[in-house]
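Examination of the molecular architecture
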Amino acid sequence: MTARFIAIPVGQGDAFFLETPEGTVLVDGGRSIDGFADLFQRTTNRDGVDILICTHNDADHANGVLGFLQSGLSCREVWLPGRWMSVLPYALNPSPEAIDALATQAQEAASFVEERRHGEDDSSEHRPLIEIYGDSLAQERPGSEELQNPRRAESASGAPENGWPRDLIDALECAMEEPWSVGWPLLLGRKDPRWIICRHCWLDLDEKAAVLLAGALDAADRIRKIALAAFHQGIVVRWFEYDVTCSLSGSGWLRPLNAREVAYVRSVPINQVLALLALTTSNRESLVFWACPDGSLPGVLFTADSDLKGVQLPELTGSIITAPHHGSEANKDAYAHIQNTAWSMAKTLTWVRSDGRFRGRPGPSYLATQGQRICTLCRAALQSKPKQAVRLHGQQKKWVRTRNVASCCCA
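Residues numbered from 1 in each chain as written. Predicted model: local features only at pLDDT ≥ 70, side-chain atom pairs only at ≥ 80, totals over all residues. Heavy atoms only, no water.

Next up on the list: the overall build of the chain. Helices and strands together make up the secondary structure of the chain, namely 11 helices and 17 strands. The buried share of the chain, reckoned over its 411 residues, is 58%. Considering only contacts within the chain whose residues lie at least 6 apart along the sequence, 67% involve residues at least 24 apart. Here the chain displays about 16700 Å² of accessible surface, and carbon together with sulfur accounts for 48% of that area. (Helix = DSSP H or I, 4+ residues; strand = E, 2+ residues; numbered from the N terminus. Buried < 20%, exposed > 50% of the residue type's maximum accessible area, 1.4 Å probe, protein only. Contact = heavy atoms within 4.5 Å. Areas by Shrake-Rupley, 256 points an atom, 1.4 Å probe, with all protein chains shown as cover.)

If you walk across this open sheet you meet the 6 strands as β9-β11-β12-β13-β14-β15, and the pairing is mixed. Both outer strands of the open sheet, β9 (254-256) and β15 (372-375), are each paired with one neighbouring strand and no more. This sheet shows a mean twist of 20° between the axes of neighbouring strands, independent of strand direction. Alignment of strand β13 (residues 320-322) against strand β14 (residues 350-353), held across 3 bridges, turns out to be parallel. When the bridges of β14 are listed, isoleucine 320 appears paired with threonine 350. (Pairing = 2+ DSSP bridges. Axes fitted to C-alpha atoms, helices over the stretch in contact; angles between N-to-C directions.)

Turning next to helix α10 (residues 332-341). Listed as buried for α10 are Ala334, Tyr335, Ile338 and Gln339. Buried positions in α10, seen along its axis, are confined to an arc of 130° and lie on one side of it. Across from the buried face of α10, at angles greater than 90 degrees, the exposed residues are Asp333 and Asn340. (Arc of directions from axis to C-beta.)

Moving on, we get to unusual backbone geometry. Note that the residue after arginine 361, namely proline 362, is joined by a cis bond; omega there is 0°. Note that proline 362 resides in the loop between β14 and α11 (364-367). For alanine 304, which is not glycine, the phi torsion reads 50° and is therefore positive. Tracing the backbone through its elements, the reader meets alanine 304 in the loop between β12 (300-302) and β13. Positive phi, close to 50°, is recorded for histidine 325, a residue that is not glycine. Here histidine 325 shows up in the loop between β13 and α10.

Another aspect to go through is the packing of aromatic side chains. Tallying each qualifying case throughout the model produces 14 aromatic pairs. A ring pair is formed by phenylalanine 16 and phenylalanine 302, whose centres lie 6.5 Å apart and whose planes are at 45°; its orientation type is tilted. Linking phenylalanine 16 in strand β2 (residues 16-20) with phenylalanine 302 in strand β12, this pair joins segments that are 286 residues apart in sequence. Residue classification places phenylalanine 16 among the buried positions, given a relative accessible area of 2%. With 6.1 Å between their ring centres and 80° between their planes, tyrosine 335 and tyrosine 366 make a pair best called edge-to-face. Residue tyrosine 335 is found in helix α10, and its partner tyrosine 366 is found in helix α11; the two are separated by 31 residues along the sequence. Site record: aromatic cluster; members linked through ring pairs are Phe17, Phe36, Phe40 and Phe68. The aromatic ring of tyrosine 366 is capped on one face by arginine 353, whose charged end is 5.8 Å from the ring centroid. (Phe/Tyr/Trp six-rings, centres within 6.5 Å; stacked < 30°, edge-to-face > 60°. Lys NZ or Arg CZ within 6 Å of the ring centre and 35° of its normal.)

Laid out in structure tokens, this is it:
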């Protein structure tokens, strides 16, 4: 079998497919839920993968994962962030108490998040408040021991089944049919989203708190739907807790570089749910994976939206690297880290960038990288060329760009 790599041309976000003699993997799925399964099949000519990975809970990475699962396409395992286990009990069966607690936490956090947004560059204006909050928490590491080091242990109620701890199985089986419903947000004739409606109650919040709460509820709903889809299809789940000090788990040919595999993470107290939901969306805590096919080819580094802080990188000569955060200048440290690590072989690297249409991306740090650069959509070609599937294949122990795949012309 000839190894191949494909950046699937999703409308916005990341979706990367890798096929090797050892197995197949899909890393993320872009923003579209309904259209992704058909796009995956047309682009890869496959009806499934061995491993499906969701690197973090951003809509432009996680929605396509949900679409893949809901479509019935096959996968043997799904790999999910371990933090999701901490909030799943609340997300699966929401209660009025949980929504009230989230609203209170959103009101308290809103001013802090607004300060952080104004302290960032202009690109932060387009980022959801929940994501800005999550990145702030990931950077500053709040004092709560539960948020810094979630308690890991085998479930007290029995060994996990297919990777699902027993208490989560109970919650999954009893999950309510209706999701967290916020009306997102229902304006009800008003010019600002201060009123949020849910199935249980009305909540009167200021505008920033309402937006932050709505983002948290969206994040909870994505986690809920992905977990239910995987569980009811009988798919084995594996959980990877963000941890830059450990990268020993995973399959032999595919392993995390900033996470450890865990069997169980206890749920957090109700007064920490907003913070944990925010952390699930954090770019800084995106899971990073390294694939190295059987030693006959250079590897593939799946960076998601990570800034790669503290990540120990492998030998990168000749490798494919997915552009951190779609080439955003906000991740300039990630590009510097890769360039400093691989400075002597930088010209051998192949950078693959997946993105929608944004005038601010890619940034100068991506454009300054050495090696071959290929985009699903180049900024300079927005008016003249359609989005392309980026295809590379293994040939004579190196990755080769497939015919008719255009190189980067961003400027």
